[in-house]
Amino acid sequence: MYKVGFDNDKYLQMQSERIKERINEFGGKLYLEFGGKLFDDYHASRVLPGFQPNSKLQMLLQLKEQAEIVVVISADDIEKNKIRGDLGITYSTDVLRLINAFEGMGLMVGSVVLTKYVSTPRVNAFEQKLKDRGIPFYHHYLIDGYPANISKIVSDEGYGKNDYIKTSRSLVVITAPGPGSGKMATCLSQLYHENKRGIKAGYAKFETFPIWNIPLKHPVNIAYEAATADLNDVNMIDPWHLEAYGETTVNYNRDVEIFPVLKATFDKIYGKCPYKSPTDMGVNMAGNCIFDDEAVKEAANQEIIRRFFTAKCNQIKGRASKDEIYKLELLMNNAGLCVDDRKCALEATKLEEETKAPAAAIELFDGTIVKGKTSALLGCASAMLLNALKTLAGIDNDILLIAPEVIKPIQELKTNHLGNKNPRLHTDETLIALSISAVNDEKARLALNQLSKLKNCEMHSSVMLAQVDENVLKKLGVRLTCSC
């Protein structure tokens, strides 16, 4: 059952105010390292029900007169054609997509920084695209001994060799298409160059997860570990913050491990580090906007189980390792969860056992479970989809929304002319057939009008679905898992 537990309006207000405060603390110029996704943050919207996927972008829009965006990409990722797993596009393509999106929302994109810069044909081709669009770009280089050799890093032989990024606003948001792009190093390099020019500037970090002011073992924080199981990130109590303030806060291993290096870097640039802990560097206010902790816990628990099912399927596809599976099993155990805690998965499995054929189940907003079995005409996902629409529209389950004589010609087209061996209708074909029926059938039209109510509903298939079905369900906003 879907319940809102996060106050998005409060978040927008509190978050923008906190960033303004941090800008003022540093005398009017702040480099803000933006971790995670600046928009389309569906993980956050799943584990914090009520959080909108574009909340962080909306928050920045409240600061758009002060803000400019610098997009960072590693030349190594360009050369390797690194892919964003969620979108299926290269990092270099995503940089251009991000620029279009930001500018389309009225935000200023100042430049692009190519980190770990080495000139190669592929890197040069990307730079030419930036030139053609009139986007300034800069080069940052690998530094021997990074990040431990502070004396070299914070010198003219280290950060000093990097291009100085020209900026014009008080808030410079450093973002990237994915992790490992070099956002933090870009911020620190700029602080070095600004300090040499006598310009006061500061650094802060914006990470939504882990949430620093909720318990270490809160499901939301465990869900973050599940989301980064492939990176082997580990949440932990911030020992620096505990020692400095006697206050327990949550951070993650990479920030805790790098803090001594950051502190030494700040000491060398400024003479004294402005922060006593990794938590001090953050500006995240999400934890203050949870108003129904039980609703948030349940949403996060479902995310942990979803991550496990997804990783199992990805392992079959060659996209996940055994270590990632083991990590997710451990996290589920730590959270006291098992796969049967996902109601739709439990019901789909039961139906498969009864029918000896693939089955699917969906949990609607009010907690109602609707199932679908495999038939001669429809796959289990298509059958479940029609049954769910009937339930939402108050239509009796025995009513046929699509007549068999409509389905059969589609099957003949698939098998006789398009070379498909499976005659059953996929979800896209089912929806097209339903749309055709809706022209003359009021009930079919009523059912079709329920599609928007499937958004954020939990669904499980007892078998891995065809990619076309996954794509359709994703577009409808259904939160799908599959057994394998």
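Peer 1: Whenever I open this one, the sheet that holds strand E12 (residues 369–373) confuses me. Can you help?
Peer 2: Strand pairs in the sheet, formed through backbone hydrogen bonds, run parallel or antiparallel to each other. Reading across from one edge, E12-E11-E13-E14 is the order of the 4 strands in this open sheet, with mixed pairing throughout. Each edge of the sheet is formed by a strand with only one pairing partner; in this case those strands are E12 and strand E14 (479–482). Averaged over all neighbouring strand pairs, the angle between strand axes comes to 15°, with direction disregarded. Relative to the sheet, helix H13 (residues 293–316) contacts strand E13 (458–461) and E14, its axis offset from that of E14 by approximately 50°.

Peer 1: Could you clarify how one ought to interpret the sheet that holds strand E2 (residues 67–74) in this entry?
Peer 2: Taken in spatial order, the 6 strands of this open sheet run E6-E5-E2-E7-E1-E8, and their pairing is parallel. The open sheet has two edge strands with one neighbour each: strand E6 (137–139) and strand E8 (202–206). On average, each strand axis in the sheet is inclined to that of its neighbour by 25°, with strand direction left out of account. Contacting strand E1 (30–34), E2, strand E5 (108–115), strand E7 (171–175) and E8, helix H8 (residues 183–196) runs over the sheet at an angle of about 170° to E1.

Peer 1: Please clarify how the pairing of E13 should be interpreted in this entry.
Peer 2: The side chains of a regular strand alternate between the sheet's two faces. Judged by which residues are buried, E13 turns out to be covered on both faces: Glu-458 and His-460 on one side and Met-459 and Ser-461 on the other are all buried. Here strand E11 (residues 359–363) runs beside E13; their pairing, made up of 4 bridges, is antiparallel. Across the sheet, Ala-360 pairs through a bridge with Ser-461, a residue of E13. For E13 and E14, the ladder comprises 4 bridges, and the chain directions are parallel. Among the inter-strand pairings, Met-459 is bridged to a residue of E14, identified as Leu-480.

Peer 1: Help me understand the environment of Ile-83 in this model?
Peer 2: Tracing the chain through its elements places Ile-83 in strand E3 (residues 83–84). Taking the relative accessible area as the measure of exposure, Ile-83 reaches 45% and is therefore partly exposed. Along the chain, Ile-83 and Asp-94 lie 11 residues apart, while their C-alpha atoms are 9.1 Å from each other.

Peer 1: Teacher, can you tell me more about the packing of helix H16 (residues 380–393) against helix H18 (residues 427–437) here?
Peer 2: Each pair of packed helices can be summarised by the angle the axes make with each other and by the distance between the axes. Relative to each other, H16 and H18 sit at 40°, their axes nearing to 8 Å. It follows that H16 is oblique to H18 by the angle criterion. As for the relative orientation of H16 and H18, their crossing is right-handed in sense. Residues Ala-381, Ser-382, Leu-385, Leu-386 and Leu-389 of H16 lie in contact with H18, whose contacting residues are Thr-427, Thr-430, Leu-431 and Leu-434. Its residues assigned to classes, the contact of H16 with H18 shows 6 nonpolar, 3 polar and no charged.

Peer 1: Help me out: how do you make sense of the pattern of salt bridges in this one?
Peer 2: Where side chains of opposite charge bring their charged atoms close, a pairing between them can arise. In total, this model carries 31 salt bridges according to the counting rule given. Between Lys-196 and Asp-156 there is a salt bridge whose closest N-O contact spans 2.8 Å. Taken together, the residues span a long stretch of sequence, with Lys-196 in helix H8 and Asp-156 in the loop between helix H7 (150–153) and E7 at a distance of 40 residues. The salt bridge partner of Arg-307 is Glu-303, with a shortest N-O separation of 2.9 Å. Of the two residues, Arg-307 and Glu-303 are both situated in helix H13; the distance of 4 residues between them amounts to about one turn of the helix.

Peer 1: What's the story with the environment of Ala-185 in this structure? I'm lost.
Peer 2: Of note, Ala-185 is situated in helix H8. Overall, the relative accessible area of 22% leaves Ala-185 in the partly exposed class. Dropping the residues within four chain positions of it, Ala-185 is found in contact with Tyr-146 and Tyr-159.

Peer 1: Could you clarify how one ought to interpret helix H5 (residues 91–104) in this entry?
Peer 2: Helical geometry note: an α-helix holds 3.6 residues per turn, so side chains three or four residues apart project in the same direction. Over its 14 residues, H5 extends 19 Å from the first C-alpha to the last, a length consistent with the 20 Å expected when each residue adds 1.5 Å. Every buried residue of H5 is listed here: Tyr-91, Ser-92, Asp-94, Val-95, Leu-96, Leu-98, Ile-99 and Phe-102. Phi turns positive one or two residues past the end of H5, at Gly-106, with a value near 90°.

Peer 1: Is there a simple way to think about the environment of Val-173 in this case?
Peer 2: Among the secondary structure elements, Val-173 is positioned in strand E7. With relative accessibility at 0%, the residue Val-173 sits in the buried group. Considering only alpha carbons, one finds Val-173 and Leu-38, 135 residues apart in sequence, at a separation of 10.0 Å. Look past the residues within four positions of Val-173 in its chain and what remains in contact with it is Leu-32, Phe-34, Leu-38, Leu-60, Glu-68, Ile-69 and Val-70.

Cut-offs and rules
Within every chain, residues take consecutive numbers counted from 1 along the sequence as written. Residue-level local features of this predicted model are given only where pLDDT is at least 70; pairs of side-chain atoms are given and counted only at 80 or more, and the full residue set underlies all totals for whole chains, interfaces and linings. To obtain the side-chain values, all non-hydrogen atoms of the structure were included, while hydrogens and water were left out. Strand pairing is assigned whenever DSSP identifies at least 2 bridges connecting the two strands. Where helices and strands are cited, they refer to DSSP runs of H or I of at least four residues and of E of at least two residues respectively, numbered from the N terminus. Think of each axis as a best-fit line through the C-alpha atoms, taken over the contacting stretch in the case of a helix, with angles from 0 to 180 degrees between the N-to-C directions. Every residue pair with non-hydrogen atoms within 4.5 Å of one another is taken to be in contact. Type-normalised accessible area, obtained with a 1.4 Å probe on protein chains alone, sets the label of each residue: buried when under 20%, exposed when over 50%, and partly exposed for intermediate values. Angular relationships are summarised with four words: roughly parallel below 35 degrees, roughly antiparallel beyond 145, roughly perpendicular across 65 to 115, and oblique for the angles in between. In this scheme, a crossing is called left-handed if the near helix is turned counterclockwise away from the far one by less than a right angle; it is called right-handed if the turn is clockwise. Residues are sorted three ways: Asp, Glu, Lys and Arg are charged, Ala, Val, Leu, Ile, Met, Phe, Trp, Tyr, Cys and Pro are nonpolar, and all the rest, Gly among them, are polar. We count a salt bridge whenever a side-chain nitrogen from Lys or Arg sits within 4 Å of a carboxyl oxygen from Asp or Glu. One fewer than the residue count of a helix, multiplied by 1.5 Å, yields its expected span.

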